[in-house]
Amino acid sequence: MPSIRVVNFSKYFGKVKAVDNVSFEVEDGEFVALLGPSGCGKTTTLLTLAGIYKPTAGEIYFGDQLVNDVPPKYRNIGMVFQNYALYPHMSVFENIAFPLRAKKLSKEEITKKVKTVAKKLMIDQLLDRKPMQISGGQQQRVALARALVKEPEILLFDEPLSNLDAKLRMLMRAEIKKLQSDLGITSVYVTHDQAEAMTMASRIAVFSMGKLVQYGTPDEIYDHPKNMFVAAFVGNPPMNFLKDFSVVSEGNSVYLQRGTSKLRLPDSRKGSLPEVVPEKVVVGVRPEDFRIERKEVDNGIPGTVYVLEPLGRDVIVNVRVENHEDEITKIFAEPGETFKPNERVYIVPNLEKVHLFDPETEETIL
Amino acid sequence: MMVLVAIFFAAPVVLTVILSFTDMDYSFQWNFVGLMNFEDLANDYLIPKILVNTLIYTFSTLTLFNVGTALLLSLLTTSISDRLGDFFRSLWMLPRLTPSVVYGLLWLWIFDPTKYGFINNIRAFLGLPPQDWLHTSPMLMVVIANGFIGASMGMLVFTAAIKAIPVDYFRAAMIDGASWFTIVRRITLPLIKWQILFVTAYQTLSLLTSYEYILIITDGGPVFRTEVLALYTYHTAFSNFQFGYGATLSLILVGLGVVAALIYLKLFGFEALMSKPRIEVD
Amino acid sequence: MSKSSSSYRLTFFQRNSQKIAQAVIITILVLITLPIIVGYVWLIVRSFSEDIVHGFIPTKLTLKNWRFLWQEMKGYPNIWQTTLNTFLLALGVMAIEIAITSMGGYVLSRYDFPGRSAMLKFILVLHAFPAISLMVAIFYVLWNIGLLDKLWGIILLKASLEIPWGSWIMKGFYDGIPWELEWAGLVDGYGRMKVWAKIMLPLVKPGMAVTAIFAFLSGWSEFIFVYTFIFSQKTWTLSRYVMGIIGDYRFADYGLLAAVGLFYVIPSIIFFFFVSKYMIKLTIGGVKG
């Protein structure tokens, strides 16, 4: 299986820069997710990998070979589309056989290969049906089968799960991941669902407005987001942002201060602070990195309980921060703890894990 | 609206039926003659020739242009960039918006029998003598002239249908290694077969009853070689002023029209268009 | 699956297969479109030339072919009277059609009345069924109501034959307006007529423009009805005039033919640029998919 190398790739449609100077690499057999909101350039990148679009600038390499000008049919890729793109007038068998017919394989060989792949995906009893006569989940499997039957060296997925209901999506998520790791086919997977990217991919490329913002493992992305966009996009509920804190040094200690709230940065972290820090910073805290206290404590920020969102196993407590009415923080409560709306509380961030951002550039400071 | 439709559509239909039992001429005298016109029709020695002409004209224009060229144009123009595609499609719309006499004039020039005609000019360039197209192949002239107008409707319908096919089908096929021809044959054509049927039905009917361009270009000649049923009806009524017999001939057209209309209503149902309004206030 | 890395080294033809296919397609398109291009280019070039050789090359430029504009052709009515008639016909058809179809389209699109679906089907059939086959009876009707050889006769006839289809086109534009807008208008306390006038009508202006242009062009181009139902030269329109010129000067003076033809086709070409965009996007509905 080849690796994929994208070097300084840009794609313009007229004056619109759909993708702007993006570089990343996918290793042999790796599963990479392109993650971002709609219109961020991830699908354009995928279609360029497929050869449907041609780069405006930059190079695409499969292995060590430049493929910019190679038409799709010579790229030996399999692709699964968002709406599956199953041809409605052909039976499931004909759909799966379509790529093999283009290769002009013999009848016996086609039948054999289609049956093998259908069996693997547990759709061998559906081969005579038309796509309209089978369920969404089954259509998904047929689309997968069609992509796999030609034994591609690269698999491309364009939001393949977004049309399924939540339960089926979880199931297929695991199944695609297993299939990919069994076959070891280099794969690129486009999605706007951060949970999908986190659970399936070995590395995630986060896109925003045509640019590649961050490329790294799910843990890196989650624990060390490069800027506020990534921090907010990955994680559910998203990271809480508390604005207008100043960084002050008193003696040996460094504090994050806003009004009467004063948070002491642990010694282990203050060394990582850059020399020059903006006057005001944004403090980012993940919902699981808050603790809620009823009494005033060190590092506590006063607020009132706004609303509760029970999720069954967990409860998300929404706390409105005092004197900052627009800041409603979402916090996972400790199991067993119960709160009432309008109760006065103190929220205590885990300062080992807080993030600091520059409000101007939105880049991560700490 | 209903009054105008009544005066100029409903009344004429009824009148056509009644007139076919008279021998009315330019004096507008009602003179009922029973079935005489129908007997004339049965004995009209021109009728077999005219029916054959009508069939040749309808069938060739339909297959070569109104469906064939239309299909070719829509397939080709959707395979290139939208801007170029729109450009070619616009060019093909031009004849439809051109006054028929001017359009006819263009073909009269292209097929002119002297060396001034376009084709003969090219032949002269190749060292060939000019040819009198009107006498060697009048039907061809008529079919081509009509076809260049008729192709545009099918082109528009097929183009819309092709554009409505999800683009991922084509992408998937390209990735799966299908060539342009394979994509056309295995994916595009099967997915627009209803539109092809629709245009075929629709254009058959409209070709059977059209004669305007034939009237301008050959006027049915030479010696009835391009005289089709609709034109013969027109000539009977307005060149020979036999309104009664003309009405009888019209009845054949009306009958053909009704049959074809019923067929395509049956085939196409149009149920999607008939969706109920969603307000019940008056 | 084997761990071989395939080669993407391709021949020139494989690598450029898409470009080659594009070039082939465009060549074919140019070739089959050639007669149309040739025809219109000839019309323009020939009308300003003394004579042409090799198809398109003028021997000498001249305005002589346009003499019909400043001197009356023998046996023909004044060109400006004829042009005025043509304009009146086109504008008349346009005015009547717009007035009626903007209402008719709304009713077809938004009102549920008994026989609605029968009427919609009837309109489709009517459109496919050229009323041209009813010429004999129409002749009698026109004579009977005294509109034979009158421009008004042609205007009314033409408008009424096109109103059903025009209403259908307008219906398409009304169909495109979300029901919510109309619901909101009704909830906000307006009657249905008010809602139509204040909310719907402004929203279908593009549709009215398209319908108006088509109506104008169809009136402007009308040939058969004028040829058959108009006898007096003072009531002639340009189509009759051009038809006469073709008959009289065909082998004698192609320059004159081209000039007269070009003169007649100018408004059509101007409007063509406005409507061709709409036309090529027009979908003719009613097809099972």
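All figures in this text were calculated on a predicted structure; none of them were measured in a lab. (Residues numbered from 1 in each chain as written. Chains lettered and ligands numbered in written order. Predicted model: local features only at pLDDT ≥ 70, side-chain atom pairs only at ≥ 80, totals over all residues. Heavy atoms only, no water.)

### Description of the interface of chain B and chain C
To be explicit about the condition: Whether two residues are in contact is decided by their heavy atoms: any pair within 4.5 Å suffices. Summed over both partners, the accessible area (1.4 Å probe) lost when two parts come together is defined as the buried area. By salt bridge we mean one thing: a side-chain nitrogen of Lys or Arg within 4 Å of a carboxyl oxygen of Asp or Glu. Any pair of nitrogen or oxygen atoms within 3.5 Å is treated as a polar contact; in protein, a donor-acceptor pairing is required on top of that, and neighbouring residues in sequence qualify only through side-chain atoms on both sides.
The interface is formed by 99 residues belonging to chain B together with 100 residues belonging to chain C. In total, chain B and chain C occlude about 9,300 Å² of area from one another, counting both sides; carbon and sulfur atoms represent 79% of this. Between chain B and chain C we count zero salt bridges in total. Linking chain B to chain C there are five residue pairs in polar contact (both at pLDDT 80 or more).

### Brief notes about the pattern of salt bridges
This is how the line gets drawn: Strands here mean DSSP runs of E at least two residues long; helices mean DSSP runs of H or I at least four residues long; both are numbered from the N terminus. Only protein chains enter the calculation, and the probe is 1.4 Å; a residue is then buried if its accessible area is under 20% of its type maximum, exposed if over 50%, and partly exposed in between.
If you walk through the whole model with that rule in mind, you get 31 salt bridges over all chains. Close ionic contact of Asp253 of chain C with Arg67 of chain C constitutes a salt bridge, the shortest N to O distance being 2.9 Å. Linking Asp253 of chain C in the loop between helix H11 (238–249) and helix H12 (254–281) with Arg67 of chain C in the loop between strand E2 (57–58) and helix H3 (79–110), this pair joins segments that are 186 residues apart in sequence. Judged on exposure class, the residue Asp253 of chain C and its partner Arg67 of chain C are both buried. Several salt bridges converge on common partners, so that one network encompasses Glu27, Glu30 and Arg203 of chain A.

### A few points about the domain arrangement of chain C
Residues and elements named next belong to chain C. Put simply, the rule is: An automatic or database domain assignment provides the domain bounds reported here.
Each assigned domain of chain C is listed with its residue range as follows: domain 1 (2–62) and domain 2 (68–279). A straight line from the C-alpha centre of domain 1 to that of domain 2 covers 36 Å. The partner domain 2 presents seven residues to the six residues of domain 1 that form the contact. Both faces considered, domain 1 and domain 2 share a buried interface measuring about 580 Å² in area, 84% of it formed by carbon and sulfur atoms. On the domain 1 side of the interface with domain 2, the three residues burying the most area are Leu43, Arg46 and Ser47, jointly 64% of the side's total. Taken together, the connections running from domain 1 to domain 2 amount to zero salt bridges. Linking domain 1 with domain 2 are zero residue pairs in polar contact (both at pLDDT 80 or more), by the criterion used here.

### With respect to the confidence of the model for chain C
Residue and element names in this part refer to chain C. As a reminder of what qualifies: The predictor rates its confidence in each residue with pLDDT, a number between 0 and 100.
Chain-level statistics for chain C give a pLDDT mean of 82 and a share of 90% at 70 or above. Per-element averaging of pLDDT across chain C places strand E1 (residues 52–53) at the bottom with 70 and H3 at the top with 91. A low-confidence stretch, residues 1–5 (pLDDT under 50), is modelled with twelve contacts involving residues beyond four sequence positions or located in other chains. Counted against residues more than four places away or in other chains, residues 283–289, with its pLDDT under 50, gives 15 contacts. As a predicted assembly, this complex carries a pTM of 0.81 together with an ipTM value of 0.84.

### Some words on helix H8 (residues 138–164) of chain B
All names here are of chain B. The test is simple: Each helix should span, by expectation, one fewer than its residue count multiplied by 1.5 Å. To get the bend at a residue, fit one axis to the 7 residues ending there and another to the 7 starting there, then take the angle between the axes.
The terminal C-alpha atoms of H8, which comprises 27 residues, lie 40 Å apart, in line with the 39 Å expected from a rise of 1.5 Å per residue. Phe148 marks where H8 bends most, by close to 35°. Counting buried residues along H8, 23 of its 27 residues qualify, which places the element largely inside the surrounding structure.

### Things to note about the packing of helix H9 (residues 167–175) of chain B against helix H10 (residues 180–191) of chain B
Think of two packed helices as two axes; the pair is described by the angle between the axes and how far apart they sit. Residues and elements named next belong to chain B. Applicable threshold: Every angle, taken between N-to-C directions, lies between 0 and 180 degrees, and every axis is a line fitted to C-alpha atoms, over only the stretch in contact when it is a helix. To sort the angles, those under 35 degrees are grouped as roughly parallel, those over 145 as roughly antiparallel, those from 65 to 115 as roughly perpendicular, and the leftovers as oblique. Note on convention: near helix rotated counterclockwise from far helix by under a right angle means a left-handed crossing. Clockwise means right-handed. Residue polarity follows a fixed list, in which Ala, Val, Leu, Ile, Met, Phe, Trp, Tyr, Cys and Pro are nonpolar, Asp, Glu, Lys and Arg are charged, and the others, Gly among them, are polar.
For the pair H9 and H10, interaxial distance at closest approach is 11 Å and the crossing angle is 165°. With respect to H10, the element H9 is oriented roughly antiparallel. You can see that H9 and H10 cross each other, and the crossing is right-handed. Here Tyr169, Phe170, Ala173 and Met174 of H9 lie close against H10, whose contacting residues are Ile183, Ile187, Thr188 and Leu191. For the contact of H9 with H10, the residue count by class is seven nonpolar, one polar and no charged.

### Some words on the sheet that holds strand E4 (residues 57–62) of chain A
Two strands in a sheet stick together by hydrogen bonds in their backbones, pointing the same way (parallel) or opposite ways (antiparallel). Residues and elements named next belong to chain A. Formally: Only when DSSP finds a minimum of two bridges between them are two strands counted as paired.
Pairing is antiparallel across the open sheet formed by four strands, whose spatial order is E2-E1-E4-E5. Every interior strand has two partners, whereas the edge strands, strand E2 (16–26) and strand E5 (65–66), have only one. Looking at chain direction, strand E1 (residues 4–13) and E2 are connected through seven bridges and run antiparallel. Pairing of Tyr12 across the sheet is with Lys17, part of E2. Sitting on the sheet, helix H1 (residues 42–50) is in contact with E1, E2 and E4, with an inclination near 115° to E1.

### Details of the domain arrangement of chain A
The extent of an interface is frequently quoted as the accessible surface area lost upon association of the parts. Residue and element names in this part refer to chain A. Split by domain assignment, chain A resolves into domain 1 (4–233) and domain 2 (240–357). Relative placement of domain 1 and domain 2: their C-alpha centres are 40 Å apart. If you look at the interface, domain 1 gives eight residues, while domain 2 gives six residues. When domain 1 packs against domain 2, close to 630 Å² is buried across both sides, 65% of that on carbon and sulfur atoms. Summed over the three residues of domain 1 that lose the most area to domain 2, namely Tyr222, Met228 and Ala231, the buried surface amounts to 73% of that side. If you look at where domain 1 meets domain 2, you find zero salt bridges. Applying the counting criterion to the domain 1 and domain 2 interface returns two residue pairs in polar contact (both at pLDDT 80 or more). Partitioning the side of domain 1 that touches domain 2 into residue classes produces six nonpolar, one polar and one charged.

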